[in-house]
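Residues per chain are reported as follows:
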Amino acid sequence: MPPLSPSSPASPSPLSRDDVVAALRAAGCVFAEDEARLILAAARTPDELAAMVDRRIAGLPLELVVGWAEFRGLRIAVEPGVFVPRRRTEFLVEQALALAPEASVVVDLCCGSGAVGAALAAGLGPRGPIELHAADIDPAAVRCARRNVAPFGGHVHTGDLYEALPGGLRGRVGILAANVPYVPTGEVGLLPAEARDHEPRVALDGGPDGLDVLRRVAAEAPRWLAPGGCLLIETSERQAPAALEAFTGSGLTADLVVSEERYANVVIGLHRP
């Protein structure tokens with residue numbers, strides 16, 4: 001489909017809502033009306049609107065087109081090259097809040113945009129002050145996360161898993177949330193184009209069986225968790241048994257919680273020294 005331009009004879013300026021809906025529907029967007037509403041609200045000028053519609057037609061994820069993703073009632077800033085938070089991961093946040101409602105130190109490992117950390121801080125904030133830390137190996141993710149956790153006084157660090165964290169957090173973390181990459185290397189190419197072509201591979205590829213990063217996080221978690229603290233990691237149904245083994249092998253008391261409605265599987269490990 002040719003690009004939409006405000007000056008194009010086939011597309012009068014400014015583009016109308018019907019123009020945008022028709023263009024998105026022709027490009028295969030299933031929820032064209034909803035997407036059009038968000039794009040129209042985000043565009044500040046007719047030229048920007050046309051450019052945003054063109055980017056969406058070309059396959060850029062809607063969240064990257066409008067610059068934000070909704071996550072547990074928050075508007076999370078996202079940008080090209082950063083993993084877009086999935087709504088199913090809200091289930092992980094809900095489990096963490098239920099398990100550790102009095103947590104004072106929260107760590108969002110493999111934080112991406114920082115959505116999990118921001119949502120945890122928002123959920124815990126009314127119950128008392130918290131210390132929020134987030135970390136990621138990707139500098140683009142770190143820049144984005146800083147914007148999203150700043151309203152909660154969060155600190156964001158660059159580095160490989162626990163190496164990024166201040167040493168003073170050892171033995172103090174009440175909630176350790178790690179939305180690690182868990183797609184097996186051989187299956188990354190089978191992902192939808194929006195993820196495969198527009199999100200960083202480091203945020204998707206979990207190694208040969210998808211559990212390389214999960215195992216590393218689980219192995220070190222007891223050194224960082226406070227007594228009674230919890231580690232939560234999202235995984236797939238197929239990987240859950242091996243993920244549970246990784247948790248118990250590190251000395252954590254492990255359990256699997258599932259939301260069939262959201263296709264979410266979260267492994268939870270409690271630190272009982």
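To be clear, the structure that these remarks concern was listed above.
Reference entry: report on the structure contained in this document. Small disclaimer: the values here were computed from a predicted structure and weren't measured. (Residues numbered from 1 in each chain as written. Predicted model: local features only at pLDDT ≥ 70, side-chain atom pairs only at ≥ 80, totals over all residues. Heavy atoms only, no water.)

Once that is clear, we can look at the packing of helix α1 (residues 17-26) against helix α2 (residues 32-42). When two helices pack together, their arrangement is given by the angle between the helix axes and the distance between those axes. Remark: α1 packs on α2, axes separated minimally by 9 Å, with the N-to-C direction vectors making an angle of 130 degrees. Accordingly, the angle class assigned to the pair α1 and α2 is oblique. Regarding α1 and α2, the two cross each other, and that crossing is right-handed. Contact residues: α1 offers R17, V20, V21, L24 and R25, while α2 offers A32, E33, E35, A36, I39 and L40. (Axes fitted to C-alpha atoms, helices over the stretch in contact; angles between N-to-C directions. Helix = DSSP H or I, 4+ residues; strand = E, 2+ residues; numbered from the N terminus. Parallel < 35°, antiparallel > 145°, perpendicular 65-115°, else oblique. Left-handed = near helix turned anticlockwise from the far one by under 90°. Contact = heavy atoms within 4.5 Å.)

A separate point is the packing of aromatic side chains. Taken as a whole and assessed by the stated rule, the structure comprises one aromatic pair. Between the aromatic rings of Y162 and W224, the centroid separation amounts to 5.5 Å while the plane-to-plane angle is 15 degrees, which identifies the pairing as stacked. Within this pair, whereas Y162 is found in the loop between β5 (155-158) and β6 (173-178), its partner W224 is found in helix α9 (residues 212-224), the two being separated by 62 residues in sequence. Here Y162 matches W224 in class, with each residue buried. The residue whose ring lies beneath R75 is W68, and the NZ or CZ to ring-centre distance is 3.8 Å. (Phe/Tyr/Trp six-rings, centres within 6.5 Å; stacked < 30°, edge-to-face > 60°. Buried < 20%, exposed > 50% of the residue type's maximum accessible area, 1.4 Å probe, protein only. Lys NZ or Arg CZ within 6 Å of the ring centre and 35° of its normal.)

What follows covers unusual backbone geometry. Its identity is not glycine, yet C110 carries a phi of approximately 55 degrees, on the positive side. Judged by relative accessible area, which is 18%, C110 ranks as buried. Unlike most non-glycine residues, L161 shows phi in positive territory, near 50 degrees. Here L161 shows up in the loop between β5 and β6.

So yeah, pure geometry; function would need other evidence.
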